[in-house]
Amino acid sequence: HFITMLYPFFLMVRVFGFCIVSIFLWKLTAIQLVYLNLFAVFMLVYLVKYRPLEENEQHWMTLAYELDAFVALLGVTLLAIYDTAGGSNENTRDAFGYLIISANVVMLVLNFISFFLEIKELILLGYETLKTLYQMRKRKQVEPHEPMQSKEASFMSPNSSFIKID
């Protein structure tokens, strides 16, 4: 489906949109947060509905990243709303801060999980490559490849002459 091929495009739009909103609307935090929240919800829905990633592990890891980023963004949004409303309770502000920090810790854990999954894939690929090379070498030992010797080949070899002298 065409819609599943648009995933890299959507990622690019998000990055460029974030840059444009951050640069040109840097004084309007509310617009920045609305854009980021809307795009985060869009990406979550898109990932769940269309499943653009082929591998199951990759799909679930990407979904976990997006959900975690959305939770952190939600914490930032709620903190911004609280600040705009004039909230001054330190416990409430701390709770929002802990939510944001916790989401970042979860992102760090997800990065380690992703790293170890990549290492596992590399080890499996290396194992399969070595196994294939071993099988190929084993076949060569059983059926060695030797060039055929024929009269024509010996006639054309550099050590032989065209005229046979007895």
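Located above this text is the structure these notes cover.
What this report covers is the structure whose coordinates are included nearby.

## Some words on the side chain of Glu66
Alright, step 1. The topology assignment puts Glu66 in helix H4 (residues 56–84).
Alright, step 2. Since its relative accessible area comes to 8%, Glu66 is described here as buried.
Alright, step 3. Apart from residues no more than four positions distant in its own chain, Glu66 is found in contact with Arg14, Met43, Leu44 and Leu47.

## Observations regarding the nonpolar core
Alright, step 1. Among the nonpolar cores identified, the biggest contains 15 residues, and Tyr7, Phe10, Met43, Tyr46 and Leu73 are the most heavily contacted of them.
Alright, step 2. Elements represented by at least two residues in this core include exactly helix H2 (7–24), helix H3 (29–50) and H4.
Alright, step 3. Top element by residues in this core is H3. It accounts for 8 residues.
Alright, step 4. Setting aside residues no more than four positions away along its own chain, Phe10 makes contact with Phe39, Phe42, Met43 and Tyr46.

## Observations regarding the packing of H3 against H4
Think of two packed helices as two axes; the pair is described by the angle between the axes and how far apart they sit.
Alright, step 1. Between H3 and H4, the least distance of the axes is 10 Å, while the angle of their chain directions is 155°. Between H3 and H4, the crossing angle belongs to the class labelled roughly antiparallel. Classified by chirality, the crossing of H4 by H3 is left-handed. For the pair formed by H3 and H4, the contact residues are Leu33, Leu36, Asn37, Ala40, Val41, Met43, Leu44, Leu47 and Val48 on the first element and His59, Thr62, Leu63, Glu66, Leu67, Phe70, Leu73, Leu74, Val76, Thr77 and Ala80 on the second.

## Notes on a nonpolar patch on the surface
Alright, step 1. Taken together, the side chains of Leu108, Phe112, Phe115, Phe116, Ile119, Leu122, Ile123 and Leu125 define a hydrophobic patch exposed on the protein surface, amounting to about 840 Å² of accessible area.
Alright, step 2. Locating Leu108 in the fold gives a position in helix H5 (residues 90–142).

## Notes on a negative patch on the surface
Alright, step 1. On the surface, Glu54, Glu55, Glu118 and Glu121 cluster together into a patch of negative charge.
Alright, step 2. The residue Glu54 is located in the loop between H3 and H4 in this model.

## Focus on the packing of H2 against H3
Alright, step 1. Between H2 and H3, the least distance of the axes is 10 Å, while the angle of their chain directions is 170°. Overall, the two elements H2 and H3 adopt an arrangement that is roughly antiparallel. Contact with H2, carried on its side by Tyr7, Phe10, Leu11, Val13, Arg14, Gly17, Phe18, Val21 and Ser22, involves Ile31, Gln32, Tyr35, Leu36, Phe39, Phe42, Met43, Tyr46 and Leu47 of H3 and no other residues of that element.
Alright, step 2. Here the residues of the contact of H2 with H3 are counted per class, giving 14 nonpolar, 3 polar and 1 charged.

## Focus: the packing of aromatic side chains
By convention here, two paired aromatic rings are described through the distance between centres and the angle between planes.
Alright, step 1. Across all of its chains, the model carries 10 aromatic pairs by this definition.
Alright, step 2. Geometrically, the ring pair formed by Phe39 and Phe42 is edge-to-face, given 5.5 Å between the ring centres and 65° between the ring planes. A residue pair is termed a helical-turn pair when its members lie 3 or 4 positions apart in one helix, as Phe39 and Phe42 do in helix H3 at 3 residues.
Alright, step 3. Residue classification places Phe42 among the partly exposed residues on the basis of a relative accessible area of 35%.
Alright, step 4. Aromatic side chains Phe42 and Tyr46 sit 6.2 Å apart centroid to centroid with 20° between the ring planes, which places their arrangement in the stacked category. Taken together, the positions of Phe42 and Tyr46, both in helix H3 and 4 residues apart, correspond to about one turn of that helix.
Alright, step 5. One aromatic cluster in this structure is built from Tyr7, Phe9, Phe10, Tyr35, Phe39, Phe42, Tyr46 and Tyr50.

What counts as what
Residue indices begin from 1 for each chain and proceed along its sequence in written order. Only residues with pLDDT of at least 70 get local features here, since the model is predicted, and only at 80 or more are side-chain atom pairs given and counted; chain-wide, interface and lining totals rely on the full set of residues. Note that the side-chain values use all heavy atoms of the structure and ignore hydrogens as well as water. Only DSSP runs of H or I reaching four residues or more are called helices, and only runs of E reaching two or more are called strands; each is numbered from the N terminus. Throughout this description, buried means an accessible area under 20% of the type-specific maximum (1.4 Å probe, protein chains only), exposed means over 50%, and partly exposed covers the range between. By definition, residues are in contact when any of their heavy atoms lie within 4.5 Å. Definition of nonpolar core: a set of buried residues of the types Ala, Val, Leu, Ile, Met, Phe, Trp, Tyr and Cys, connected through side-chain atoms within 4.5 Å. To get an axis, fit a line to the C-alpha atoms, keeping to the stretch in contact for a helix; angles then go from 0 to 180 degrees between the N-to-C directions. Oblique is the label for any angle not under 35 degrees, not over 145, and not in the 65 to 115 range, which are roughly parallel, roughly antiparallel and roughly perpendicular in turn. Crossing chirality is assigned from the near helix's rotation relative to the far helix, an anticlockwise turn below a right angle marking it left-handed and a clockwise turn marking it right-handed. What goes into a patch is any residue over 30% in relative accessible area without a salt bridge, connected to like charges within 9 Å or, for nonpolar side chains (Val, Leu, Ile, Met, Phe, Trp, Tyr), within 5 Å. All accessible areas in this document rest on Shrake-Rupley with a 1.4 Å probe, and a residue is counted as covered only by the protein chains that are shown. Whenever Lys or Arg places a side-chain nitrogen within 4 Å of a carboxyl oxygen from Asp or Glu, that contact is recorded as a salt bridge. Charged residues are defined here as Lys and Arg on the positive side and Asp and Glu on the negative side; His and the ends of the chain fall outside this count. Note that the charge is assigned to NZ on lysines, CZ on arginines, CG on aspartates and CD on glutamates. Throughout, the ten residues Ala, Val, Leu, Ile, Met, Phe, Trp, Tyr, Cys and Pro are labelled nonpolar, Asp, Glu, Lys and Arg are labelled charged, and all others, Gly among them, are labelled polar. Centres within 6.5 Å are what make two rings of Phe, Tyr or Trp a pair, Trp counting through its six-membered ring; a difference in plane orientation under 30 degrees is then read as stacked, over 60 as edge-to-face, and the rest as tilted.

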